[in-house]
Each structure stands twice: as C-alpha cells, then as structure tokens.
Amino acid sequence: MGHKKLYLKTFGCQMNVYDSERISHVLAARNYRLVVNPSEADLIFLNTCSVREKPEQKVYSALGRYRAFKKKNSKLIIGVGGCLAQQEGEGFLKRFPHVDFVIGTKEFKRIDEILDDLEDSGKRSAATHLNGRVDPYASLPFSPSPSKVAAFVSIMQGCDNFCSYCIVPFVRGREVSRPSQEVLEEIRVLAAKGVKEVTLLGQNVNSYGKTKPGELDFAGMLKAVQEIAGIERIRFTTSHPKDLSRPLIEAFGRLPKLCEHIHLPVQSGSDRILKRMNRGYSGEEYLKKISRLRQSCPRIRITTDMIVGFPAEEEEDFRASLEMIEEIQFDDLFSFKYSDRPGTQATHFPEKVMEEVSQRRLTELQTLQRKITLKRNKAWEREKVEVLVEGRSKARAEDNMGRTRANHIVNFPGKPFAAGSLVTVKIQKAYAHSLRGESPQDSLPEDGNIVKRGKSVSRGKENL
Ligand code: SAH
Ligand code: SF4
Ligand code: F3S
C-alpha cells in the first residue's frame, strides 16, 4: 500500500518547529509522508501560534483557504495543533466545521487515538489537557531523517514567569524540564545523522533543571552537550535577562562550541513599563548584564525583542527604549506592536495606546535599528570567519550559503561545499540581512587569522 500524504504547516517560534518535527515522527509511524502541496494531502496539520494578533490571523486565513480542499476531497482530514489550538480548544471545532481534530501543546501522544477514532467512526475531537508539570515528549517516537546540518532540541516546556502581556504560560503550561539524559541521547542520535549544530530550546532556558532535584542546571547542560562528538556548534534560545547567571555569561568565553550569539529580549527601555510588564529587572540591570557579556566575549552578537505601545506607554517611555537601543547597539532587534491576549493581565490595563501611535513608534524604532544593524554587520567586513555550510544560496544557486558562529547568513562563491562543511571565509560586503564572502580558495593564506569565540585567534593554536 502506498504512503498517505501529510501537509504540515508551522506557525510561530522555533519551539513549534521542533514540535512539528516530533509530530511528523508520530505520523511517519502511521505511514504518513510529508508533501509540499496542501492540495494533494490526505492530512493537513496546522501547528499554530497565538503569541500576538498577527500570527493568530495568519492561522485563520490559512484555515479559510483549506476549506475548498475539503469540498473537493471529503476524505481529507484537517487537524489543528499548537498554541492557538490550546487556547481555543473545542471552540475550534464549533467555529470551523471543516476542522476534524484539535490537539493541545501537551497531547501529542494522543494523535494516534484521535486518528483511529476519526478513521473508524468520523468522530471529531479536541484534546487540550494542560495540567501539571508533564513532559509532553516522554515516550514519543524519535526518528529524524538524515541530511540536516542544524537542528532544534527542546530542553524544557512551558513558562512560570507570567509577563503581563504574554499568553505563553497559558498555552504551554507550567515550566517543565526534560530529563537531561533524554535530551543528550537525542543530540547523540542527531550527531550520528550528520547534524553539526544544535539549538537548545525553552521559553526560559536559564531555569533548566530548577524544578527537578539532582538534575543538571543549564550551564551543566551546555557542558554536557559540549562533550558530544560530531556536534560543532551549540546555540540556545530564549534566555530571560533576570535569570542570566554568571556561570552562563562566563560559558561564552569558555565553551569552545558555544556560539557567540545571545538573544536576550529586553521588551522596553523604560523601568516603569518593565515593571508593569512584570519582567523582574530594570534597564540598569539589563545594561549591566550586557556589559558583562561583552567582557566575557567581546564580539558576542546580541539580539533582542521589544514591544511598542504597551498599555500606558508614554512618549517618554518610548524615548527610553530608543535610548537603550542607541546605547547598547543591538546587532538585531525584533519589534512588535502590543496586542491584547486573552487571559493575560495586561488586557485589563487601562490606557491602551492608540493604533496610529503604536504604528508611528514601531516605524521610528525600526528605522533606527536598521541603521544600527547595518553598521554592526559592516564591522565584519574584511574579517575571516568560520562558516557552517548549509547548502546553496537561495538568491544565487551558484553560491554557497551558510552561517557564522554569530549567526549571520553568509553567501559566498566558489566550488560547491557539502552541507555540514566548516569553511573559513573572508567577508567582502555586509548587508542588513546577510554578509557576502569571497571565494575561499583564492582569499585565504593557510595561516590566516580567523574570528572565533569572539576574539581573533591564530589558526593552529586553537584549543578545540
Ligand atoms: N520567551 C521569550 C519570548 C516569547 S514570545 C521571552 O521570554 O522573551 C516572543 C516575543 O513576542 C516576546 O519577546 C515579545 O517581544 C513578543 N510578545 C509576546 N506577547 C506579546 C503581545 N501580547 N503583544 C506584542 N508582542 C508580544
Ligand atoms: Fe512569555 Fe515572559 Fe514567559 Fe517569555 S518569559 S514566555 S515573555 S511569560
Ligand atoms: Fe507562538 Fe506558542 Fe511559540 S504562542 S511564539 S508558538 S510558544
């Protein structure tokens, strides 16, 4: 019998990308294989996000498009998973008669049972239990396909921080760390399949292990991953500024495989707003952590998130955010207009900022950051950097494409390198979203200095 066809669409953050991968393994065991075209699918599965209004709207418009497929093929199954599914639960089935099942962020293991019911009796259902500190990945099949260079690995699920604007604790549940043995075994399997780079994922990775007596802490986890042969690069996301510990800051200077990039969301430069956001740090404290990071690892690339138009944000608060951007000179920044999320504290805050004010602030902030990003990228021109090749460039098929340790995209000409190769490339030109390198063979003397671990080190003296 032939395979059944699965179209899997992922919205939202890396956590959802990881979850989609795990779901595809569960479905592979049921004989589903991925296809790229939803119109030929037997099962369409949307892994959704509800962190802001925009991603939520994207899910609804995708669902609207798939209604027509169901009219053409009555046997088509449509399932919805992830954070918006968790948020809406049964409501999804009522509102969208063409949706067959809804599965929450901690119920992947029930996919089999749900699909059995659907196939046997056409019973539509919603499984959205969120109770307790349950590990949603325990005893799920893990069967990654070879040929990837970089992979995500979830190390913890949920969040206990309850920032006043954020839906994540409500849709991902309480913080729960996965057992380190399982995580490390997963990474060993990935390494054996050729993966060279892993990104450890959690909403708040710094508190890894805290709820489990005897478990490794996050710095310990990084050290353990460092020991895994075949893995060349380690990244992590996201760390919360209030929990960014000294051992973690120092790990950047010490652990050779830990890449020189940190995404450290600040959200606002105004203490008054940070307080209302329930972030647990002041602007001053954040600045201190940044300067310690730069002491520990001088060329570390620092990226952040900011929200504009948070309830009661005055012009003065917004100016404080701009000043912080000027002072820190972030390498890149993701900025968002505040939107109300159901059940969060901030929805009840009065003094909502008008849409046109938020929009103006967003535009101003993005204009400022664009200049800074370009300036920061330009500082890499003429440097020699280590690039992990991922494949061919999207824009120009004759070019190679890869990433630096600091996580810039680099396109460079020359002979095609195999995915997974580590190549030293001299940067020729910087743009806002990528760097352009020279062809490696004609630009590099063998004893060239390359930028590694945030410092220039002489090749041959590396202590890897
Ligand atoms: N766990 C991460 C980020 C999670 S959500 C952290 O702790 O920072 C990703 C980003 O979306 C956040 O950093 C924030 O900038 C933005 N965001 C979350 N909720 C939002 C809301 N209600 N309105 C606008 N932006 C929001
Ligand atoms: Fe949301 Fe705050 Fe948790 Fe990040 S730390 S997921 S912003 S509640
Ligand atoms: Fe979205 Fe859920 Fe991630 S709300 S940002 S997919 S944790």
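Not measured: the values here are computed from a predicted model. (Residues numbered from 1 in each chain as written. Chains lettered and ligands numbered in written order. Predicted model: local features only at pLDDT ≥ 70, side-chain atom pairs only at ≥ 80, totals over all residues. Heavy atoms only, no water.)

**Q** So what exactly am I meant to see when it comes to the sheet that holds strand β7 (residues 150–154) here?
**A** The strands that make up a sheet are held in pairs by hydrogen bonds between backbone atoms, and each pair lies either parallel or antiparallel. Within the open sheet, the three strands sit side by side as β7-β10-β11. Their pairing is parallel. Every other strand in the sheet has two partners, leaving β7 and β11 (233–237) as the edge strands with one partner each. With direction set aside, neighbouring strand axes in the sheet form an average angle of 25°. Note: β7 against strand β10 (residues 197–201), five bridges, orientation parallel. Across the sheet, Ala 151 pairs through a bridge with Val 198, a residue of β10. In the packing of helix α1 (residues 14–28) onto the sheet, contacts are made with β7, β10 and β11, and the angle to β7 comes to roughly 95°. (Pairing = 2+ DSSP bridges. Helix = DSSP H or I, 4+ residues; strand = E, 2+ residues; numbered from the N terminus. Axes fitted to C-alpha atoms, helices over the stretch in contact; angles between N-to-C directions. Contact = heavy atoms within 4.5 Å.)

**Q** Help me understand the site of ligand 2, please; the structure alone is not making it clear to me.
**A** Taken together, Cys 159, Asn 161, Phe 162, Cys 163, Tyr 165, Cys 166, Val 168, Pro 169, Gln 203, His 240 and Arg 279 make up the full set of residues near ligand 2. The residue makeup of the shell around ligand 2, split by class, is seven nonpolar, three polar and one charged. (Near = heavy atom within 4 Å. Nonpolar A, V, L, I, M, F, W, Y, C, P; charged D, E, K, R; others polar.)

**Q** It is not clear to me how the nonpolar core should be interpreted in this structure. Could you clarify?
**A** Nonpolar side chains tend to gather and get buried jointly when the protein is soluble and globular. Leu 200, Phe 218 and Phe 236 are the most contacted members of the largest nonpolar core, which has 53 residues in total. The contacts of Leu 200, once residues within four sequence positions are left out, are Val 153, Ile 155, Ile 187, Val 205, Phe 218, Met 221, Leu 222, Val 225, Ile 234, Arg 235, Phe 236 and Thr 237. Core analysis: the second largest hydrophobic core is formed by 23 residues, Tyr 7, Ala 41, Ile 78 and Phe 92 among them. (Core = buried A, V, L, I, M, F, W, Y, C linked by side-chain atoms within 4.5 Å. Buried < 20%, exposed > 50% of the residue type's maximum accessible area, 1.4 Å probe, protein only.)

**Q** What should I look at first to understand the sheet that holds strand β13 (residues 301–308) in this one?
**A** In space, the three strands of this open sheet follow the order β12-β13-β14, with parallel pairing throughout. Two strands lie at the open edges of the sheet, namely β12 (261–263) and β14 (332–337), each paired on one side alone. Across the sheet, the mean angle separating the axes of adjacent strands is 15° when strand polarity is ignored.

**Q** Can you walk me through the packing of helix α9 (residues 246–254) against helix α11 (residues 283–296) in this structure?
**A** The description of two helices packed together rests on the angle between their axes and the distance between the axes. Relative orientation of the contacting elements α9 and α11 amounts to 35°, with a least axis distance of 8 Å. The hand of the α9/α11 crossing is right-handed. Mapping the contact onto sequence places Arg 246, Ile 249, Glu 250, Phe 252 and Gly 253 in α9 and Lys 289, Arg 292, Leu 293 and Ser 296 in α11. Across the contact of α9 with α11, the residue classes break down as three nonpolar, two polar and four charged. (Left-handed = near helix turned anticlockwise from the far one by under 90°.)

**Q** What should I look at first to understand the pairing of β11 in this one?
**A** Burial analysis of β11 places five of its five residues in the buried class, which makes it a mostly covered element. Every second residue of β11 is oriented toward a common face, with Arg 233, Arg 235 and Thr 237 on one face and Ile 234 and Phe 236 on the other, all of them buried. Looking at chain direction, β10 and β11 are connected through five bridges and run parallel. Following the sheet pairing, Val 198 is matched in β11 by Ile 234. Once the chain exits β10 it traverses helix α8 (residues 218–226) before rejoining the sheet at β11, and the crossover so formed is right-handed. (Right-handed = clockwise from strand over helix to strand, strands pointing away.)

**Q** Can you walk me through the packing of aromatic side chains in this structure?
**A** Two numbers describe a pair of aromatic rings. These are the distance of the centres and the angle of the planes. Using the criterion set out here, one finds 17 aromatic pairs in the structure. With 5.8 Å between their ring centres and 45° between their planes, Phe 236 and Phe 252 make a pair best called tilted. Of this pair, Phe 236 sits in strand β11 while Phe 252 sits in helix α9, and the two are 16 residues apart along the sequence. Judged by its relative accessible area of 6%, Phe 236 is buried. Ring pairs connect the aromatic residues Tyr 165, Phe 310, Tyr 338 and Phe 349, which therefore count as one cluster. Geometry around Phe 336 places Arg 52 over its ring, the cationic atom sitting 3.6 Å from the centre. One cation-aromatic arrangement involves Arg 95 over Tyr 60; the distance from NZ or CZ to the ring centre is 4.2 Å. (Phe/Tyr/Trp six-rings, centres within 6.5 Å; stacked < 30°, edge-to-face > 60°. Lys NZ or Arg CZ within 6 Å of the ring centre and 35° of its normal.)

**Q** How should I be thinking about the side chain of Asp 19 in this particular structure?
**A** With respect to the helices and strands, the residue Asp 19 is situated in helix α1. Here Tyr 137 takes part through its side chain, which lies 2.6 Å from a polar atom of the side chain of Asp 19. When sequence neighbours within four positions are dropped, the list of residues in contact with Asp 19 reads Asn 47, Phe 108, Tyr 137 and Arg 172. (Polar contact = N/O pair within 3.5 Å; in protein donor to acceptor, adjacent residues only side chain to side chain.)

**Q** Explain a negative patch on the surface to me, please; I cannot follow it from the model alone.
**A** Where like charges cluster on the molecular surface, the negative patch consists of Asp 271, Glu 284, Glu 285, Glu 323, Glu 326 and Glu 327. Secondary-structure elements contributing two or more residues to the negative patch are α11 and α12 (315–328). Take the negative patch: its biggest share by element is three residues, from α12. Within the element layout of this structure, Glu 323 appears in helix α12. (Patch = residues over 30% accessible without salt bridge, like charges linked within 9 Å, V, L, I, M, F, W, Y side chains within 5 Å. Areas by Shrake-Rupley, 256 points an atom, 1.4 Å probe, with all protein chains shown as cover. Salt bridge = Lys/Arg side-chain N within 4 Å of Asp/Glu carboxyl O. Lys, Arg positive; Asp, Glu negative; His and termini not counted. Charge placed at Lys NZ, Arg CZ, Asp CG, Glu CD.)

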